[in-house]
Amino acid sequence: MRQRQRRTFARLFGSLVLVAAAGLTSIGTSAAPAAADGPRPLGQIVPVPADVSPGGSPYTIGSATRIRVTPGEPEVQRIGAYLAAVLRPSTGYALPITGATGGDGIRLLLGADDEGLGDEGYRLTSAKGSVTVAANTPAGLFHGVQTLRQLLPANVEKKTKQAGPWKIAGGTITDAPRYAYRGAMIDVSRHFFTVAQVERYIDQLALYKINELHLHLSDDQGWRIAIDSWPRLATYGGQTQVGGGKGGFYTKADYQAILDHAASRYMEVVPEIDTPGHSNAALASYAELNCNGVAPPLYTGTHVGFSSLCVPKEVTYAFFDDVVREVAAMTPGRYLHIGGDEAQSTSKEDYDTFMTRAQPVVHKYGKTVMAWHQIVDATPIPGTVAQYWGTTGDEANVAAAAQAGTKLIMSPANRAYLDMKYDAKTTLGTNWAGYVEVDKSYSWDPDTFVKGVPARAVLGVEAPIWSETLSTSAQIEYMAFPRLQGIAELGWSPASTHDWTAYKARLAQQGPRMSALGITYYRSPLVPWV
Ligand code: IFG
C-alpha cells in the first residue's frame, strides 16, 4: 500500500512539476505546453509504412488490457507471448493472452484475407477501445508487432516498470514490403560469434523487419560449421581466428538453435560456404584438398585472395558434395550461398570449371544457388542469385546477367557494408570502399544502383558486416547501427518515401529505443538525435 501511495504522490508531484514548468514556459513564450504524454505520431517509425491514415482517438494500454490472439493458432499465440514479453516488464501490466475473441484490447488477428498485404504485410488499426494487427500470415503479424512496439514510447523496451501512459496514436497503417529479400550478413569466420551473440543480432534485426540472415560460415581464417563427413574442417579449421585467438564453431545443435531463433523472428537463414577462394581453413584441415598435397598453416591475418580449392582434383568435388549435402540437409531455407568472391588464386578457366560443377550440386540437394556477383563471369545456371557488392554501379557484366534472367541482391560496399568506417575518426572497420556515413548509406536506390539492371531483377537488399576488426557484440552494434535501419527501410518502404531529411528525423527517434535495448550505436553528427 505504501509503495502505491509513494507512486501516486510521485506521479502527482511529477505532474505538478510538469504543469508548473509548462506554466513557466507559457509565461515565457506563447508555445502551448508540450503534451507530455501525447502518443507518437502514427507514421513516425522505421521502416516508414507504405500507407498511414492518422485519425480518431489513441488506444491506451491499461491494467485491464488483454492480448487477444486468433483462437487455435499456435503461431499467433507465440507472437502474442513475444509481444507480452516486451510490454509486461515496462508497463507492469499483466496483459493476459486470450484466445477469446472480443472487440477490445490488443488484437492479433490472422486471416486478414487481403491480398494487398501479401505474405508479409499487415494492417494496424488503433482506436479508443482497441489496437488491432491483422495479416494474412504470422510473419505479417510479427512485422505489425514491430510497428506496434515503435508506436509506443521508447521506454516500453525497458525491462523495468516505467511510467506511462502507453498510448498508440489513433488511425490505420496499411503496410507491406517493397522487396521480399531484406537481409543482413554476419561474418562469423574472421572472428567467431557465439550462438547467443548471433541470437542477439537476430533480435535487433527483427525490430526493423529484416527477414534474411546470411551466415558467412567459412573463410581463410576459420571454418565454423561442423561437417560429420569431414570433421577436421571445424575441429581443426575452426580453432582460431583473426589475431590468433580462440576461434570456435557451431555444432549441428548450435546451428539448429540459430535456425530456430531466426525462424521465431520470421527470418530465413542463408548459409555461405565460400568457394573456391577464401578457403584456407578447409585447405589447412585436409592436405588432400591441396593441389600439392601439403596443408598450409592456419591463417590469422586479414589478407584475401591467396587461397583456392584445387579445381583439377576430383577429391575437391567429393568434399564440396559432402559439405553441401550436410549443410542443405540442416537448412530449411531456400538458398545456399557458395561465395565465389576474390578467387585471385584460381585461374579464370578453373573458376568457370568449378562454378559449372558446383551449382548443380546445390540444386541436387534442393537449394537455390546464391553467390557473390563474380559468378556472372562464370555461367550462372537458371535461378542462381548474384549478390552485388561492387561500388561503381558500372558493371556491365552484372547488367547483362540481370537482363538474361539472373536475379540480384543489392549490397554495394560503399552503401551497405556495415564494416566500412563512418569517417576518418572511426577506429573499427575498414575503408577500402571509402567512408560511409549514415546519410550515404541511406541515399541510394536498389533498383537503379547498377546501370542497365532491370528493376524486376532486384530481389532486395542485404547489409553485410565483415568481422576482420570486430570481435564483440558492442563492436558489431557500433558499426551496424544506425546504418542498418537505413538499409532495412530501403528494403521495406516504397521508393516514393525515400527522403533523407524526413528519414533522419524518424531515425533520431530510434536513439532512445536503441539505448533502452542496450544497443551500442554510433551517434552520427548527421542525425538530430532526441
Ligand atoms: N571483401 C571480401 C570480404 C571482406 C570484405 C571486408 C566480399 C564479398 C572485403 N569479399 O566482400 O571477405 O574481407 O570489407
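Quantities reported herein were computed from a predicted structural model and do not represent experimental measurements.

Undergrad: Mind showing me how you'd approach the overall build of the protein here?
TA: Tallying secondary structure elements over the protein gives 16 helices and 17 strands in all. Radius of gyration (C-alpha) of the protein: 25 Å, near the 24 Å computed for a compact globule of 530 residues. Seen through its C-alpha atoms, the protein measures out along the principal axes to roughly 80 × 50 × 50 Å. Here the protein holds 530 residues, and the buried ones make up 55% of them. By sequence separation, contacts in the protein at least 24 residues apart represent 74% of the contacts at least 6 residues apart. Total accessible area on the protein is roughly 20100 Å²; 57% of this is exposed by carbon and sulfur atoms.

Undergrad: I tried to follow the side chain of glutamine 150 on my own but got confused; where do I start?
TA: Structurally, glutamine 150 is set in helix H3 (residues 138-151). Not counting residues within four places of it along the chain, the set of residues in contact with glutamine 150 comprises Arg40, Ile45, Val46, Leu207, Tyr208, Gln510 and Arg513.

Undergrad: Looking at this structure, I do not really get the state of the cysteines. What am I missing?
TA: Disulfides are covalent bonds that link the sulfur atoms of two cysteine residues. Applying the stated criterion to the full structure yields one disulfide. The disulfide partner of cysteine 291 is cysteine 310, and the gap between their sulfur atoms is 2.0 Å. Across the S-S bond of cysteine 291 and cysteine 310 the torsion is about 100°, and the bridge reads as right-handed. Of the two residues, cysteine 291 is situated in the loop between helix H7 (280-285) and helix H8 (315-330) and cysteine 310 in the loop between H7 and H8; the sequence distance between them amounts to 19 residues.

Undergrad: Would you mind going over the site of the ligand with me for this structure?
TA: With respect to spatial proximity, 13 residues lie near the ligand, and among them Asp341, Tyr417, Asp419, Trp432 and Glu468 are the closest. One of the side-chain N or O atoms of aspartate 341 is found 2.8 Å from a nitrogen atom in the ligand. At a separation of 2.7 Å, an oxygen atom of the ligand approaches a polar side-chain atom of aspartate 419. When the ligand is considered free in solution it has 350 Å² of accessible area, and contact with the protein chains removes 96% of it. Of the residues belonging to the shell around the ligand, the class tally is six nonpolar, two polar and five charged.

Undergrad: Looking at this model, I keep getting lost on the pattern of salt bridges. Mind explaining?
TA: A pair can form between side chains of opposite charge whenever their charged atoms are brought close. Taken as a whole, this structure holds 24 salt bridges when the rule is applied. In this structure, the salt-bridge partner of glutamate 468 is arginine 190, at a minimum N-O distance of 3.3 Å. Within this pair, whereas glutamate 468 is found in the loop between strand S17 (458-465) and helix H13 (473-480), its partner arginine 190 is found in the loop between strand S10 (181-187) and helix H4 (195-206), the two being separated by 278 residues in sequence. Like arginine 190, glutamate 468 is buried.

Undergrad: Please clarify how unusual backbone geometry should be interpreted in this entry.
TA: Trans peptide bonds make up the majority, and among non-glycine residues the majority have a negative phi. Here the residue pair threonine 275 and proline 276 is connected by a cis peptide bond, since its omega of -20° sits within 30 degrees of zero. The omega angle of the peptide bond from phenylalanine 481 to proline 482 is 20°, so this bond is cis rather than trans. Mapped onto the elements, proline 482 comes out in the loop between H13 and helix H14 (483-492). We note that tyrosine 266 has phi near 55°; this positive angle belongs to a residue other than glycine. Tracing the backbone shows tyrosine 266 in the loop between helix H6 (252-264) and strand S12 (268-275). Judged by its relative accessible area of 18%, tyrosine 266 falls in the buried class.

Undergrad: Sorry if this is basic, but what is going on with the environment of glycine 366 here?
TA: Tracing the chain through its elements places glycine 366 in the loop between helix H9 (348-364) and strand S14 (368-372). C-alpha of glycine 366 to C-alpha of alanine 328: the two residues are 38 residues apart in sequence and 7.4 Å apart in space.

Undergrad: I keep staring at the packing of aromatic side chains and nothing clicks. Help me out?
TA: The tally for this structure, following the rule as stated, stands at 26 aromatic pairs. Judged by centre distance (6.0 Å) and plane angle (55°), the ring pair of tyrosine 388 and phenylalanine 449 falls under tilted. Highlighted residues: tyrosine 388 in strand S15 (residues 385-388) and phenylalanine 449 in the loop between helix H12 (438-442) and S17, separated in sequence by 61 residues. A relative accessible area of 0% means that tyrosine 388 is categorised as buried. Both rings, one in tryptophan 389 and one in tryptophan 432, keep their centres 5.9 Å apart while their planes meet at 75°; by these two values the pair is edge-to-face. Note that tryptophan 389 is positioned in the loop between S15 and helix H10 (396-403) and tryptophan 432 in the loop between helix H11 (413-416) and H12, a separation of 43 residues in sequence.

Undergrad: Even after reading the chapter, I still don't get the pairing of strand S9 (residues 171-175), so can you show me in this structure?
TA: It is a general feature of regular strands that their side chains alternate between the two faces of the sheet. On S9, burial follows the alternation: Gly171, Ile173 and Asp175 on one face are buried, whereas Thr172 and Thr174 on the facing-out side are not. Here five bridges tie strand S6 (residues 122-126) to S9, and the two strands are oriented antiparallel to one another. When the sheet's bridge partners are listed, arginine 123 is paired in S9 with threonine 174.

Undergrad: Whenever I open this one, the sheet that holds S15 confuses me. Can you help?
TA: Sheets are built from strands that pair by backbone hydrogen bonding, the pairs being arranged parallel or antiparallel. Spatially, eight strands are ordered S10-S11-S12-S13-S14-S15-S16-S17 in a closed barrel, and the strand pairing comes out parallel. Direction aside, neighbouring strands of the sheet carry axes that sit 30° apart on average. As paired elements, S10 and strand S11 (residues 212-216) share five bridges and run parallel to each other. Counted as the bridge partner of glycine 183 is glutamate 212 from S11. Docked against the sheet, H9 engages S12, strand S13 (335-339) and S14, running at close to 160° with respect to S13. In the packing of H14 onto the sheet, the strands contacted are S10 and S17, and the crossing angle to S17 comes to about 170°.

Reading guide: rules and limits
- Residues numbered from 1 in each chain as written.
- Predicted model: local features only at pLDDT ≥ 70, side-chain atom pairs only at ≥ 80, totals over all residues.
- Heavy atoms only, no water.
- Helix = DSSP H or I, 4+ residues; strand = E, 2+ residues; numbered from the N terminus.
- Rg over C-alpha atoms; globule rule 2.2 N^0.38 Å.
- Buried < 20%, exposed > 50% of the residue type's maximum accessible area, 1.4 Å probe, protein only.
- Contact = heavy atoms within 4.5 Å.
- Areas by Shrake-Rupley, 256 points an atom, 1.4 Å probe, with all protein chains shown as cover.
- Disulfide = S-S within 2.5 Å.
- Near = heavy atom within 4 Å.
- Polar contact = N/O pair within 3.5 Å; in protein donor to acceptor, adjacent residues only side chain to side chain.
- Nonpolar A, V, L, I, M, F, W, Y, C, P; charged D, E, K, R; others polar.
- Salt bridge = Lys/Arg side-chain N within 4 Å of Asp/Glu carboxyl O.
- Phe/Tyr/Trp six-rings, centres within 6.5 Å; stacked < 30°, edge-to-face > 60°.
- Pairing = 2+ DSSP bridges.
- Axes fitted to C-alpha atoms, helices over the stretch in contact; angles between N-to-C directions.

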